[in-house]
Amino acid sequence: MKRVWPAALFLLATACPGPKQFHLSGTVTLAPHFKNKTAPPNAMLFVVVRNLGGVPLAVRRIVNPQFPASFSVENEDLVVPGSFPAGPLEVSVELNSHGRVGSPSRGDLLGAHPDPVEPGETGIHVVIEREIPGAALSVPPQVRLSPATATAVSSPTVSRPAP
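Because the structure is a prediction, the values reported are computed rather than measured. (Residues numbered from 1 in each chain as written. Predicted model: local features only at pLDDT ≥ 70, side-chain atom pairs only at ≥ 80, totals over all residues. Heavy atoms only, no water.)

Caption draft 1: Broad picture of the overall build of the protein. From N to C terminus, the protein includes 2 helices and 7 strands. Taken from N to C terminus, the helices and strands of the protein fall in the order α-β-β-β-β-β-β-β-α. The buried share among the 163 residues of the protein stands at 27%. Taking contacts inside the protein between residues at least 6 apart in sequence as the whole, the part at least 24 apart equals 63%. When the accessible area of the protein is evaluated, it comes to approximately 10,900 Å², of which 60% is carbon and sulfur surface. (Helix = DSSP H or I, 4+ residues; strand = E, 2+ residues; numbered from the N terminus. Buried < 20%, exposed > 50% of the residue type's maximum accessible area, 1.4 Å probe, protein only. Contact = heavy atoms within 4.5 Å. Areas by Shrake-Rupley, 256 points an atom, 1.4 Å probe, with all protein chains shown as cover.)

Caption draft 2: Structural view of the pairing of strand β2 (residues 44–51). Taking burial as the measure, the 8 residues of β2 include 6 buried ones, the bulk of the element. Of the strand pairs in this sheet, β2 and strand β3 (residues 56–63) are connected by 7 bridges, and their pairing is antiparallel. Opposite L45, over in β3, you have I62 as the bridge partner. Between the antiparallel neighbours β2 and β3 lie 4 residues, among them G54 with a positive phi of about 90°. Two strands pair when backbone bridges link them, and β2 and strand β5 (residues 89–96) are joined in this way by 8 bridges, in the antiparallel orientation. If you follow F46 over to β5, its bridge partner there is E94. (Pairing = 2+ DSSP bridges.)

Caption draft 3: Fine view of the side chain of S25. Turning to its location among the elements, S25 is positioned in strand β1 (residues 23–30). Setting aside its immediate chain neighbours within four residues, S25 contacts F71, S72, E121, T122, G123 and I124.

Caption draft 4: Inspection of the layout of surface pockets at higher detail. Taken as a whole, the largest pocket spans an internal volume of roughly 240 Å³. In terms of lining, the largest pocket is formed by 17 residues, of which the most central are T38, A39, P40, L95 and L109. A per-class count over the lining of the largest pocket returns 7 nonpolar, 7 polar and 3 charged. (1 Å grid on protein atoms, 1.4 Å probe; cavity = no way out; pocket = protein on both sides within 12 Å on 5 of 7 lines; lining within 4 Å. Points joined across faces, edges and corners; volume = space filled by probe spheres on them. Nonpolar A, V, L, I, M, F, W, Y, C, P; charged D, E, K, R; others polar.)

Caption draft 5: Expanded view of the sheet that holds β1. Spatially, β3-β2-β5-β6-β7-β1-β4 is the arrangement adopted by the 7 strands of the open sheet, whose pairing is mixed. Edge positions in the sheet fall to β3 and β4 (69–74), since each has one partner strand and no second. Direction aside, the axes of adjacent strands within the sheet are offset by 25° on average. Of the strand pairs in this sheet, β1 and β4 are connected by 6 bridges, and their pairing is antiparallel. Bridging from a neighbouring strand, G26 pairs with F71 of β4. (Axes fitted to C-alpha atoms, helices over the stretch in contact; angles between N-to-C directions.)

Caption draft 6: Inspection of the pattern of salt bridges at higher detail. Per the stated rule, a full pass over the model turns up 2 salt bridges. Ionic pairing is found between E76 and R60, a salt bridge with its closest N-O pair at 3.7 Å. Taken together, the residues E76 in the loop between β4 and β5 and R60 in strand β3 connect sequence positions 16 residues apart. Overall, R60 belongs to the partly exposed group, its relative accessible area being 22%. The salt bridge involving D77 is made with R60; its shortest N-O contact spans 3.2 Å. Placement of the pair is D77 in the loop between β4 and β5 and R60 in strand β3, with a sequence separation of 17 residues. Through salt bridges with shared partners, a single ionic network connects R60, E76 and D77. (Salt bridge = Lys/Arg side-chain N within 4 Å of Asp/Glu carboxyl O.)

Structural data, given as C-alpha cells:
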C-alpha cells in the first residue's frame, strides 16, 4: 500500500500541471556597420515573437538599451494573456525612438533571428543589421481618403490646400 501513494501522487501531478510558463531569452547586438551609431534618447528596443504566419504572439519592450542587450520574453509579454504559443516561432527586433512597434519609420533599425525557435529556448542571438531608409505612407483602415487627397498624398510634389 505504501507504493501506491507515490505512484498516485505522480499521476496526479502530471495530470494537473500548474500554469504553463512561456520563456525565450537571448541577446541583441548591433552589426559592425552600426557600431558607431548611437541610439537616440528614449530609444526603445522591441523584441517581437511571431508564429510562422507572421502573427505577433509576444512583445518585450526595453527602454534605452545598452548593447549587447539581453532580453527575456515571459508570460507577461504575451499578446493574449494565458495563451501558450507553440513553436516554431520567429524572433525579430525593432529599435526606434517613436515607441510604435510594427510601423517602421525612417531611421528605425531592424534585425531578425535567422532560424525558427521553440518555446523555452535560450541563447537566441539577434543582430540588428538593417535601417529603414524611408517608409511608405500608412493609412489606418478606418480613414478614407478622397480621390483628390489620395492623389495629392501620393504625388512627389505635395502642396497643401488652403483651408
